[in-house]
Amino acid sequence: MDRRISGVQFEISDFGFEIYFVQFQNFLALRYTLSHVSYYGRRGGRGGGRGVPRVLLVNPPIYDFTAFDFWLRPYGLLRVGGRLRSCECTAFDYLVSHERDAFGRGRFERQAVLKPAPFADVPRRFYRFGRTREDFLDLLSSRTFDVVLVQTVMTYWYLGVREVIEDVRRLQPHARIILGGVYATLCPGHAGSLGADQVIEGLDLQPLELPLSDGLPLWEGVDTEVGVLKITDGCPFRCTYRS
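Just so it is clear, the model here is predicted, and its values are computed rather than measured.

Visitor: Please explain the nonpolar core as it appears in this structure.
Guide: Nonpolar side chains in soluble globular proteins generally cluster together in the buried interior. Counting 22 residues, the largest nonpolar core has L56, F136, V168 and L179 as the members making the most contacts within it. Elements supplying a minimum of two residues to this core: β5 (54-59), α2 (133-142), β10 (147-152), α3 (158-171), β11 (176-181) and α4 (182-186). Looking at which element gives the most residues to this core, the answer is α3, with 4 residues. In this view, L56 contacts T90, F92, F136, L139, L140, F145, V147, V148 and L149; residues no more than four positions away in its chain are not counted. Y75, C89, V147 and L210 belong to the second-largest nonpolar core, a separate cluster that totals 20 residues.

The structure is reproduced here in structure tokens:
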């Protein structure tokens, strides 16, 4: 199996570090199992057997003053997808950049939107970053899902999470919507007010009530020009202004 990385050589050890800047030449070769996995927009979905849960994993759009793709990949969501390989999984990533440079960095599509009231006095334009809402609606109109897992990151990015919930509720009201990630863990009460069926706090996936297994992150579910290697969780520092 070819695991060459452009311009970078690495050795995985027991010491913790993260690499966010590598560009994979043959990363698709790392896809060791493709059963019940699809990436909407890259290739068609594959149906699972009768009784196999149909799971949609969503990385929402960003609502903010600025956003740029510095190798931004939904690693937490992909780790969850790796534990759900016995399900029929489909990944939808709103944050697919374009006009990338030689290092794999790029710009997201953006549309100017109204600023939330707390930002009314900020003299900057406010945007929605990510793929169009119509792309997601096309998926929801053409496929049926039992469970929709939505990744959350920054607490003030909840507007994108709410957008995803609204669209799923409108087109697939039967689907169970579950939030997880940083925002869901830090502000579970506020996250729960957005209309999801369940909010998962922390790293325990047992409350999902889905068949879990051990597996590598679901990298085949997203754009693989750039990848992330994560070997530790958390940060050794204790900054008072960080969560």
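There is more to say after this.
Visitor: I'm lost on the packing of α2 against α3 in this one. Help?
Guide: Working note: a packed helix pair is described by the angle between its axes plus the distance between those axes. For the pair α2 and α3, interaxial distance at closest approach is 10 Å and the crossing angle is 35 degrees. Pair α2 / α3 crosses with right-handed handedness. Contact residues: R133, F136, L137, L140 and S141 in α2; E163, V164, E166, D167, V168, R170 and L171 in α3.

Visitor: Hey, could you run me through the confidence of the model for the protein chain in this one?
Guide: Caution is warranted with low-pLDDT regions, since their predicted coordinates should not be read in detail. Averaged over all residues, the pLDDT of the protein chain is 81; the fraction at 70 or higher stands at 79%. When the criterion is pLDDT under 50, residues 1-49 qualifies, and its contacts beyond four places in sequence or with other chains add up to 107 contacts.

Visitor: What am I meant to see in the pattern of salt bridges here?
Guide: Within the structure shown, the criterion is met by 11 salt bridges. Close ionic contact of R143 with E88 constitutes a salt bridge, the shortest N to O distance being 3.7 Å. One end of the pair, R143, is in the loop between α2 and β10; the other, E88, is in strand β7 (residues 88-93), with 55 residues separating them in the sequence. Each member of the pair R143 and E88 is classed as buried.

Visitor: So what exactly am I meant to see when it comes to the packing of aromatic side chains here?
Guide: The description of two aromatic rings rests on the distance between their centres and on the angle between their planes. Counted by the stated rule, this structure contains 12 aromatic pairs. Taken together, a centroid distance of 6.2 Å and an interplanar angle of 40 degrees make the contact between Y75 and W219 tilted. One end of the pair, Y75, is in helix α1 (residues 75-83); the other, W219, is in the loop between β12 (198-199) and β13 (229-230), and 144 residues separate them in sequence. By the burial criterion, Y75 is buried, and W219 matches it.

Visitor: Can you walk me through the side chain of Q151 in this structure?
Guide: Tracing the sequence through the fold places Q151 in strand β10. There is a polar contact of 2.8 Å between the side chain of Q151 and the backbone nitrogen of L77. Dropping the residues within four chain positions of it, Q151 is found in contact with V58, N59, P60, P74, Y75, G76, L77, V161 and G180.

Visitor: Honestly, the sheet that holds strand β6 (residues 62-64) in this entry has me stumped. Any pointers?
Guide: In sheet architecture, strand pairing relies on hydrogen bonds along the backbone and comes in two forms, parallel and antiparallel. Sheet architecture is open: 3 strands sit in the order β6-β9-β8, paired in antiparallel fashion. The sheet is open, and its two edges are formed by β6 and β8 (110-113), each paired on a single side. The average angle at which neighbouring strand axes cross in this sheet is 25 degrees, direction not considered. As judged from the 3 bridges shared by β6 and strand β9 (residues 126-129), these two strands associate in the antiparallel manner. Looking at β9, one finds that Y63 is bridged to R128.

Visitor: I'm lost on α3 in this one. Help?
Guide: Note that an α-helix has 3.6 residues per turn; residues three or four places apart therefore point the same way. Taking 1.5 Å per residue as the helical rise, α3 with its 14 residues ought to reach 20 Å, and the 20 Å between its terminal C-alpha atoms agrees with that figure. Within α3, the full set of buried residues consists of L159, G160, V161, E163, V164, I165, D167 and V168. Structurally, α3 contributes buried residues whose contacts are with β5, β6, β9, α2, β10 and β11.

Visitor: Before we go on, may I ask you to explain the environment of H98 in this structure?
Guide: Here H98 shows up in the loop between β7 and β8. With a relative accessible area of 32%, H98 lands in the partly exposed category.

Visitor: Would you mind showing me how to read the environment of P188 here?
Guide: Tracing the chain through its elements places P188 in helix α5 (residues 188-192). Accessibility expressed as a relative area gives 27% for P188, which makes it partly exposed. It is 8.0 Å that separates the C-alpha atoms of P188 and I200, two residues lying 12 residues apart in sequence. For P188, the contacting residues outside a window of four places in its chain are Y183, V199 and E201.

Visitor: Would you explain the state of the cysteines in this entry?
Guide: Chemically, a disulfide is nothing more than a covalent bond linking the sulfur atoms of two cysteines. All told, the structure shown has 0 disulfides when counted by the stated rule. Just so you know, C89 is unpaired, no disulfide at all, and the nearest cysteine sulfur is the one on C87, 5.3 Å from it.

Rules and cut-offs
Residues numbered from 1 in each chain as written. Predicted model: local features only at pLDDT ≥ 70, side-chain atom pairs only at ≥ 80, totals over all residues. Heavy atoms only, no water. Core = buried A, V, L, I, M, F, W, Y, C linked by side-chain atoms within 4.5 Å. Buried < 20%, exposed > 50% of the residue type's maximum accessible area, 1.4 Å probe, protein only. Helix = DSSP H or I, 4+ residues; strand = E, 2+ residues; numbered from the N terminus. Contact = heavy atoms within 4.5 Å. Axes fitted to C-alpha atoms, helices over the stretch in contact; angles between N-to-C directions. Left-handed = near helix turned anticlockwise from the far one by under 90°. pLDDT = per-residue confidence, 0-100. Salt bridge = Lys/Arg side-chain N within 4 Å of Asp/Glu carboxyl O. Phe/Tyr/Trp six-rings, centres within 6.5 Å; stacked < 30°, edge-to-face > 60°. Polar contact = N/O pair within 3.5 Å; in protein donor to acceptor, adjacent residues only side chain to side chain. Pairing = 2+ DSSP bridges. Expected span 1.5 Å × (residues − 1). Disulfide = S-S within 2.5 Å.

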